[in-house]
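Here are the chains, one letter per residue:
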Amino acid sequence: MNDWLARLEARARQAPLGARVPLLARQQVVGSVKVGVLDALALDCLALQPDGWALLGRLQADITSNLNRVAHAMRDAQVGHVARYWRGEQLAVVSESGDILGSVERGAVRPLGIATRAVHLVGWVPDGRMWVQQRALTKANDPGMWDTMVGGMVPAQDSLQDALARETQEEAGLHLPQLHGVEHGGTVSIQKPSDGLADRGIGYTVERIDWFSALVPEGLEPVNMDGEVDRFELLERAEVLDRLHADAFTLEAALILVAALRY
(Lines give C-alpha, C1' and ligand atoms only; values in the text may rest on other atoms or scores of the structure.)
Protein backbone atom coordinates (compact mmCIF):
# COMPACT_ATOMS: atom_id res chain seq x y z
CA MET A 1 0.00 0.00 0.00
CA ASN A 2 2.75 2.46 0.92
CA ASP A 3 4.61 1.75 -2.33
CA TRP A 4 1.42 2.26 -4.33
CA LEU A 5 0.73 5.58 -2.59
CA ALA A 6 4.29 6.72 -3.21
CA ARG A 7 3.94 5.93 -6.92
CA LEU A 8 0.60 7.77 -7.06
CA GLU A 9 2.07 10.86 -5.43
CA ALA A 10 5.09 10.71 -7.76
CA ARG A 11 2.76 10.63 -10.79
CA ALA A 12 1.15 13.83 -9.50
CA ARG A 13 4.52 15.59 -9.20
CA GLN A 14 6.48 15.30 -12.42
CA ALA A 15 8.89 17.78 -13.94
CA PRO A 16 8.41 19.00 -17.52
CA LEU A 17 9.90 16.80 -20.23
CA GLY A 18 11.96 19.66 -21.66
CA ALA A 19 13.11 23.18 -20.91
CA ARG A 20 10.30 25.71 -20.47
CA VAL A 21 10.31 29.48 -20.09
CA PRO A 22 7.82 31.54 -18.08
CA LEU A 23 4.75 33.12 -19.67
CA LEU A 24 4.13 36.53 -18.14
CA ALA A 25 1.28 39.02 -17.97
CA ARG A 26 1.73 42.35 -16.21
CA GLN A 27 5.16 41.10 -15.15
CA GLN A 28 3.59 38.19 -13.28
CA VAL A 29 4.07 34.52 -14.14
CA VAL A 30 0.84 32.96 -15.42
CA GLY A 31 2.19 29.86 -17.18
CA SER A 32 5.13 28.34 -19.01
CA VAL A 33 5.98 27.46 -22.60
CA LYS A 34 8.33 24.88 -24.04
CA VAL A 35 11.39 26.54 -25.52
CA GLY A 36 10.89 27.24 -29.23
CA VAL A 37 7.15 26.56 -29.39
CA LEU A 38 6.06 30.20 -29.83
CA ASP A 39 9.01 31.37 -31.92
CA ALA A 40 7.41 30.77 -35.32
CA LEU A 41 4.06 32.39 -34.52
CA ALA A 42 5.38 35.95 -34.93
CA LEU A 43 2.57 37.62 -32.98
CA ASP A 44 2.75 41.31 -32.12
CA CYS A 45 0.97 40.66 -28.81
CA LEU A 46 3.98 38.69 -27.53
CA ALA A 47 7.52 39.77 -26.77
CA LEU A 48 10.43 37.49 -25.87
CA GLN A 49 12.23 39.03 -22.91
CA PRO A 50 15.16 37.79 -20.81
CA ASP A 51 12.75 36.43 -18.16
CA GLY A 52 10.32 34.77 -20.60
CA TRP A 53 7.50 35.43 -23.07
CA ALA A 54 5.54 38.54 -22.09
CA LEU A 55 1.96 39.28 -23.13
CA LEU A 56 1.57 42.94 -24.03
CA GLY A 57 -1.13 45.06 -22.43
CA ARG A 58 -2.02 45.65 -18.80
CA LEU A 59 -5.83 45.59 -18.78
CA GLN A 60 -7.71 42.33 -18.19
CA ALA A 61 -9.48 42.73 -21.54
CA ASP A 62 -6.14 43.20 -23.31
CA ILE A 63 -4.59 40.14 -21.67
CA THR A 64 -7.66 38.04 -22.50
CA SER A 65 -7.65 39.24 -26.10
CA ASN A 66 -3.93 38.60 -26.53
CA LEU A 67 -4.02 35.17 -24.92
CA ASN A 68 -6.82 34.14 -27.22
CA ARG A 69 -4.89 35.45 -30.22
CA VAL A 70 -2.07 33.14 -29.14
CA ALA A 71 -4.54 30.26 -28.72
CA HIS A 72 -5.98 30.75 -32.22
CA ALA A 73 -2.50 31.02 -33.73
CA MET A 74 -1.42 27.78 -32.05
CA ARG A 75 -4.59 26.06 -33.24
CA ASP A 76 -4.11 27.27 -36.82
CA ALA A 77 -0.45 26.21 -36.79
CA GLN A 78 -1.39 22.82 -35.27
CA VAL A 79 0.87 23.41 -32.30
CA GLY A 80 0.43 21.38 -29.14
CA HIS A 81 -2.81 19.61 -30.11
CA VAL A 82 -4.72 22.80 -29.25
CA ALA A 83 -7.35 22.04 -31.91
CA ARG A 84 -8.08 18.62 -30.40
CA TYR A 85 -8.91 20.09 -27.01
CA TRP A 86 -10.67 23.24 -28.27
CA ARG A 87 -13.97 23.74 -26.44
CA GLY A 88 -14.98 27.37 -27.00
CA GLU A 89 -14.81 27.78 -23.21
CA GLN A 90 -12.80 30.38 -21.30
CA LEU A 91 -10.77 29.47 -18.22
CA ALA A 92 -9.40 32.03 -15.79
CA VAL A 93 -5.75 33.04 -15.93
CA VAL A 94 -4.50 33.72 -12.42
CA SER A 95 -1.27 35.17 -11.08
CA GLU A 96 0.82 33.37 -8.47
CA SER A 97 -0.71 35.71 -5.87
CA GLY A 98 -4.25 34.70 -6.89
CA ASP A 99 -5.29 37.74 -8.93
CA ILE A 100 -7.40 37.03 -12.03
CA LEU A 101 -5.54 38.68 -14.89
CA GLY A 102 -7.65 37.45 -17.80
CA SER A 103 -9.01 34.31 -19.44
CA VAL A 104 -8.08 31.96 -22.27
CA GLU A 105 -9.56 29.20 -24.44
CA ARG A 106 -9.58 25.90 -22.58
CA GLY A 107 -7.74 24.08 -25.39
CA ALA A 108 -4.65 26.25 -24.94
CA VAL A 109 -4.10 25.98 -21.19
CA ARG A 110 -1.88 22.89 -21.24
CA PRO A 111 0.48 24.01 -24.05
CA LEU A 112 0.77 27.36 -22.27
CA GLY A 113 1.26 25.71 -18.86
CA ILE A 114 -1.54 27.82 -17.36
CA ALA A 115 -2.82 26.71 -13.98
CA THR A 116 -6.44 25.53 -13.93
CA ARG A 117 -9.02 24.72 -11.28
CA ALA A 118 -11.44 21.80 -11.15
CA VAL A 119 -14.21 20.49 -8.90
CA HIS A 120 -15.15 16.91 -8.07
CA LEU A 121 -17.99 15.40 -6.08
CA VAL A 122 -17.69 12.11 -4.20
CA GLY A 123 -21.15 10.59 -3.91
CA TRP A 124 -21.92 8.22 -1.02
CA VAL A 125 -25.11 6.32 -0.28
CA PRO A 126 -26.48 5.68 3.23
CA ASP A 127 -25.04 2.13 3.49
CA GLY A 128 -21.48 3.37 2.84
CA ARG A 129 -21.16 2.49 -0.83
CA MET A 130 -19.89 5.03 -3.36
CA TRP A 131 -21.09 6.11 -6.79
CA VAL A 132 -18.39 6.21 -9.48
CA GLN A 133 -18.54 6.91 -13.19
CA GLN A 134 -16.82 5.43 -16.22
CA ARG A 135 -15.71 8.16 -18.60
CA ALA A 136 -17.05 8.03 -22.14
CA LEU A 137 -14.78 6.46 -24.74
CA THR A 138 -15.05 9.70 -26.75
CA LYS A 139 -13.39 11.80 -24.02
CA ALA A 140 -10.14 13.47 -25.11
CA ASN A 141 -8.48 12.66 -21.79
CA ASP A 142 -8.56 9.27 -20.04
CA PRO A 143 -11.36 7.72 -22.13
CA GLY A 144 -12.97 4.69 -20.50
CA MET A 145 -11.24 5.17 -17.15
CA TRP A 146 -13.11 5.33 -13.85
CA ASP A 147 -13.71 8.63 -12.10
CA THR A 148 -15.51 10.18 -9.14
CA MET A 149 -19.26 10.58 -9.50
CA VAL A 150 -18.84 14.13 -10.86
CA GLY A 151 -15.86 16.15 -12.02
CA GLY A 152 -14.94 19.02 -14.31
CA MET A 153 -13.02 22.24 -14.81
CA VAL A 154 -14.08 25.61 -13.42
CA PRO A 155 -14.85 28.10 -16.24
CA ALA A 156 -13.74 31.71 -15.88
CA GLN A 157 -17.24 32.99 -15.08
CA ASP A 158 -18.01 30.38 -12.40
CA SER A 159 -17.39 30.21 -8.68
CA LEU A 160 -16.50 26.81 -7.23
CA GLN A 161 -20.09 26.37 -6.09
CA ASP A 162 -21.45 27.36 -9.51
CA ALA A 163 -19.13 24.89 -11.24
CA LEU A 164 -20.02 22.11 -8.80
CA ALA A 165 -23.75 22.66 -9.31
CA ARG A 166 -23.43 22.74 -13.10
CA GLU A 167 -21.22 19.66 -13.33
CA THR A 168 -23.48 17.74 -10.95
CA GLN A 169 -26.50 18.47 -13.12
CA GLU A 170 -24.75 17.86 -16.49
CA GLU A 171 -22.82 14.73 -15.56
CA ALA A 172 -25.14 13.08 -13.05
CA GLY A 173 -28.55 14.66 -13.65
CA LEU A 174 -28.72 15.66 -9.97
CA HIS A 175 -29.27 19.01 -8.29
CA LEU A 176 -27.23 19.93 -5.23
CA PRO A 177 -30.34 20.67 -3.08
CA GLN A 178 -31.38 17.03 -3.63
CA LEU A 179 -28.20 15.82 -1.92
CA HIS A 180 -27.52 15.71 1.80
CA GLY A 181 -24.50 17.09 3.63
CA VAL A 182 -22.67 18.65 0.68
CA GLU A 183 -19.34 19.77 2.11
CA HIS A 184 -15.84 20.63 1.01
CA GLY A 185 -13.54 17.66 1.61
CA GLY A 186 -10.18 19.12 0.64
CA THR A 187 -7.88 19.88 -2.27
CA VAL A 188 -5.39 17.94 -4.34
CA SER A 189 -2.98 19.29 -6.91
CA ILE A 190 -1.21 17.97 -9.98
CA GLN A 191 1.88 19.09 -11.87
CA LYS A 192 2.92 16.83 -14.72
CA PRO A 193 3.43 16.58 -18.49
CA SER A 194 0.02 16.56 -20.15
CA ASP A 195 -1.40 13.29 -21.44
CA GLY A 196 -1.62 13.27 -25.21
CA LEU A 197 1.04 15.93 -25.53
CA ALA A 198 3.85 14.16 -23.70
CA ASP A 199 5.39 12.73 -26.88
CA ARG A 200 6.56 16.23 -27.79
CA GLY A 201 6.69 17.65 -24.28
CA ILE A 202 4.61 20.67 -25.27
CA GLY A 203 1.83 20.51 -22.69
CA TYR A 204 2.23 20.82 -18.95
CA THR A 205 -0.63 20.34 -16.49
CA VAL A 206 -0.84 22.50 -13.38
CA GLU A 207 -4.18 22.00 -11.64
CA ARG A 208 -5.77 22.51 -8.24
CA ILE A 209 -8.81 20.33 -7.59
CA ASP A 210 -11.35 21.11 -4.88
CA TRP A 211 -13.34 18.03 -3.96
CA PHE A 212 -16.64 17.83 -2.17
CA SER A 213 -18.61 14.96 -0.70
CA ALA A 214 -22.33 14.40 -0.37
CA LEU A 215 -24.88 11.74 0.51
CA VAL A 216 -27.09 10.62 -2.37
CA PRO A 217 -30.46 9.78 -0.76
CA GLU A 218 -32.00 6.38 -1.27
CA GLY A 219 -34.10 6.34 -4.45
CA LEU A 220 -31.89 8.82 -6.31
CA GLU A 221 -29.45 7.59 -8.95
CA PRO A 222 -27.07 9.54 -11.19
CA VAL A 223 -28.03 9.71 -14.86
CA ASN A 224 -25.68 11.34 -17.36
CA MET A 225 -27.04 14.29 -19.33
CA ASP A 226 -24.11 15.48 -21.48
CA GLY A 227 -22.80 12.32 -23.13
CA GLU A 228 -19.47 12.43 -21.27
CA VAL A 229 -20.16 9.43 -19.02
CA ASP A 230 -20.49 5.85 -20.23
CA ARG A 231 -22.10 4.52 -17.05
CA PHE A 232 -22.30 4.78 -13.27
CA GLU A 233 -21.66 2.01 -10.76
CA LEU A 234 -22.28 1.74 -7.03
CA LEU A 235 -19.24 0.18 -5.34
CA GLU A 236 -18.39 -1.18 -1.93
CA ARG A 237 -15.33 0.32 -0.26
CA ALA A 238 -13.31 -2.85 -1.00
CA GLU A 239 -14.24 -2.64 -4.70
CA VAL A 240 -13.09 0.98 -4.85
CA LEU A 241 -9.77 0.00 -3.28
CA ASP A 242 -9.33 -2.89 -5.73
CA ARG A 243 -9.85 -0.60 -8.71
CA LEU A 244 -7.53 2.00 -7.22
CA HIS A 245 -4.73 -0.53 -6.85
CA ALA A 246 -5.38 -1.75 -10.41
CA ASP A 247 -4.92 1.88 -11.62
CA ALA A 248 -8.41 1.83 -13.13
CA PHE A 249 -9.15 5.39 -11.93
CA THR A 250 -7.84 8.62 -13.41
CA LEU A 251 -4.95 10.17 -11.50
CA GLU A 252 -7.18 12.98 -10.24
CA ALA A 253 -9.87 10.58 -9.04
CA ALA A 254 -7.33 8.31 -7.38
CA LEU A 255 -5.87 11.19 -5.37
CA ILE A 256 -9.34 12.33 -4.33
CA LEU A 257 -10.64 8.88 -3.44
CA VAL A 258 -7.60 8.07 -1.31
CA ALA A 259 -8.34 11.26 0.64
CA ALA A 260 -12.09 10.62 0.75
CA LEU A 261 -11.69 7.06 2.05
CA ARG A 262 -9.60 8.46 4.91
CA TYR A 263 -11.94 11.40 5.55
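Data block above holds the structure.
Residues numbered from 1 in each chain as written. Predicted model: local features only at pLDDT ≥ 70, side-chain atom pairs only at ≥ 80, totals over all residues. Heavy atoms only, no water.

Caption draft 1: Looking closely at empty space enclosed by the protein. Under the criterion given, the structure shown has one cavity of 30 Å³ or more. For the largest cavity, the calculated volume is near 40 Å³. If you trace the largest cavity, you find it lined by Q133, R135, K139, D147, G151, E171 and E228. Here the lining of the largest cavity is composed, by residue class, of no nonpolar, two polar and five charged. (1 Å grid on protein atoms, 1.4 Å probe; cavity = no way out; pocket = protein on both sides within 12 Å on 5 of 7 lines; lining within 4 Å. Points joined across faces, edges and corners; volume = space filled by probe spheres on them. Nonpolar A, V, L, I, M, F, W, Y, C, P; charged D, E, K, R; others polar.)

Caption draft 2: Just the nonpolar core, in detail. Membership of the largest hydrophobic core comes to 30 residues, with the highest contact counts inside it found for L23, L38, L67, V70, M74 and L112. For this core, the secondary-structure elements that each account for two or more residues are β1 (20–25), β2 (28–34), β4 (52–55), α2 (60–76), β5 (90–94) and β6 (100–105). Excluding residues within four positions of it along the chain, L23 makes contact with Q28, V29, V30, G31, S32, V33, L46, W53, L55, L67, L112 and I114. Judged by nonpolar contacts, the second largest core, of 26 residues, contains A118, V122, V188 and W211. (Core = buried A, V, L, I, M, F, W, Y, C linked by side-chain atoms within 4.5 Å. Buried < 20%, exposed > 50% of the residue type's maximum accessible area, 1.4 Å probe, protein only. Helix = DSSP H or I, 4+ residues; strand = E, 2+ residues; numbered from the N terminus. Contact = heavy atoms within 4.5 Å.)

Caption draft 3: Region of interest: the pairing of strand β7 (residues 116–124). Counting buried positions over the nine residues of β7 gives seven, a clear majority of the element. Relative to strand β12 (residues 204–215), β7 runs parallel, the two sharing nine bridges. Each bridged residue has a counterpart across the sheet, and for T116 the counterpart in β12 is E207. Here β7 runs beside strand β8 (residues 130–135); their pairing, made up of two bridges, is antiparallel. Residue pairing across strands places W124 opposite M130, the latter belonging to β8. Counted between consecutive antiparallel strands, the loop separating β7 from β8 contains five residues, among which G128 sits at a positive phi close to 95 degrees. (Pairing = 2+ DSSP bridges.)

Caption draft 4: Main features of the sheet that holds β1. Strand order in the open sheet formed by four strands is β2-β1-β4-β3, and the pairing between neighbours is mixed. Edge strands, defined here as strands with exactly one partner in the open sheet, are β2 and β3 (46–49). Strand-to-strand twist across the sheet, computed as the mean angle between neighbouring axes with direction ignored, equals 30 degrees. The sheet contact formed by β1 and β4 spans three bridges and is parallel. Paired with L24 across the strands is A54, a residue of β4. Each of β1, β3 and β4 is contacted by α2, which is oriented at about 125 degrees to β4, the strand it contacts most. (Axes fitted to C-alpha atoms, helices over the stretch in contact; angles between N-to-C directions.)

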